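Coordinate inspection notes
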Amino acid sequence: MPAVGHNGRAMRCLLAVDSGGTKCDALLVDETGHVLGRGRRDFTHRRGQLFFGGLGRSQHLIDEAIEEALAGHFPIDELHVAGPYSANLPNAVGKLVVHTVTEKDGPLAMAGVSCGVVVLAGTGAFVYGKAPDGREVLLDGIGPLYGDYGSGFQIGLAAVRACGRADWHSSCSTSLQDRVQTACYEMAGKPSDFRMTIYMSESRDRSEIASLAHIVAEEATNGDLVAQQILKQAATDIAFTVRCVVDRLGIEHDVLSMIATGG
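Residues numbered from 1 in each chain as written. Predicted model: local features only at pLDDT ≥ 70, side-chain atom pairs only at ≥ 80, totals over all residues. Heavy atoms only, no water.

**Details of the sheet that holds strand S2 (residues 23–30)**
With mixed pairing, the five strands of this open sheet are ordered in space as S3-S2-S1-S4-S5. Since the sheet does not close on itself, it has two edges, and those belong to strand S3 (35–42) and strand S5 (93–99), each with one partner. Each strand of the sheet is rotated relative to its neighbour by a mean of 15°, with strand direction disregarded. Of the pairings in the sheet, the one linking S2 to S3 comprises seven bridges and is antiparallel in character. Counted as the bridge partner of Val29 is Val35 from S3. Packing of helix H1 (residues 59–70) onto the sheet brings it into contact with strand S1 (12–19), S2, S3 and strand S4 (76–82), and relative to S3 it is tilted by some 155°. (Pairing = 2+ DSSP bridges. Helix = DSSP H or I, 4+ residues; strand = E, 2+ residues; numbered from the N terminus. Axes fitted to C-alpha atoms, helices over the stretch in contact; angles between N-to-C directions. Contact = heavy atoms within 4.5 Å.)

Encoded structure:
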């Protein structure tokens, strides 16, 4: 159904784009907040080479998610875009207004506050703090091998490593072994000669490894001790990042919001 108002003119719309390391979501709403269209692409829609920032931030996935959200909703008289924007719009879009929104801006706005601490644990991880006097500190978000403490990548990589030594000793046994190896086998394209050692020696997009985090969470809930320890370590690591931000800003005695975000 085209986005057309009661007066017969095309409506003003907002296109919100959320691109992360693993997936990209796009949401189209009209000026009343009514949802008109949605689009989603994730690392399973990979085209060609890996992407440094995670496939959810790759050009083709952002374009495809936006195109899916916009499909069938023209003409649009005025389109406001919040988030990364790259798709080529048809002539049916009149005025285009792009609003820059960072990963830390959105959580603060949704919480209705202008200062506080944002803790993002997604494919990657960072902690951002803004004091009441306007001072800011952003720590981490420096990549899967150099940082991203408490991230989905950290959890997924720990799960893979746990599988590697699951047969070494009874204390290493884990229900993660079969599920993680099966997931990696499927992400590799189900080759007849699949081996975990070869899979991990090849270049893997960070989103693939991070996608294993949901398996860790499920097995931890089911009582697997190894999975529980992996999650505890990730939580300890990102909690330390929070502590560093709080200490550097000197806000340990302030009453502020802490907003958790990320997949």
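**Here we look at helix H4 (residues 176–187)**
An ideal rise of 1.5 Å per residue puts 16 Å on 12 residues; H4 measures up with 16 Å between its terminal C-alpha atoms. Those residues of H4 that are buried lie in contact with helix H3 (152–164), helix H5 (196–201), helix H6 (206–210), helix H7 (213–221) and helix H8 (225–249). Positive phi shows up at Gly189, right after H4, with a value of about 95°. (Expected span 1.5 Å × (residues − 1).)

**Focus: the nonpolar core**
Soluble globular proteins tend to pack their nonpolar side chains together in the buried interior. Membership of the largest hydrophobic core comes to 24 residues, with the highest contact counts inside it found for Leu176, Val180, Cys184, Leu212, Val216 and Ile230. Those elements that place two or more of their residues in this core are H3, H4, H5, H7 and H8. Examining the composition of this core, we find that six residues originate from one element, H3, more than from any other. Those residues in contact with Leu212, other than ones at most four positions away along the chain, are Gly156, Val160, Val180, Ala183, Cys184 and Met187. (Core = buried A, V, L, I, M, F, W, Y, C linked by side-chain atoms within 4.5 Å. Buried < 20%, exposed > 50% of the residue type's maximum accessible area, 1.4 Å probe, protein only.)

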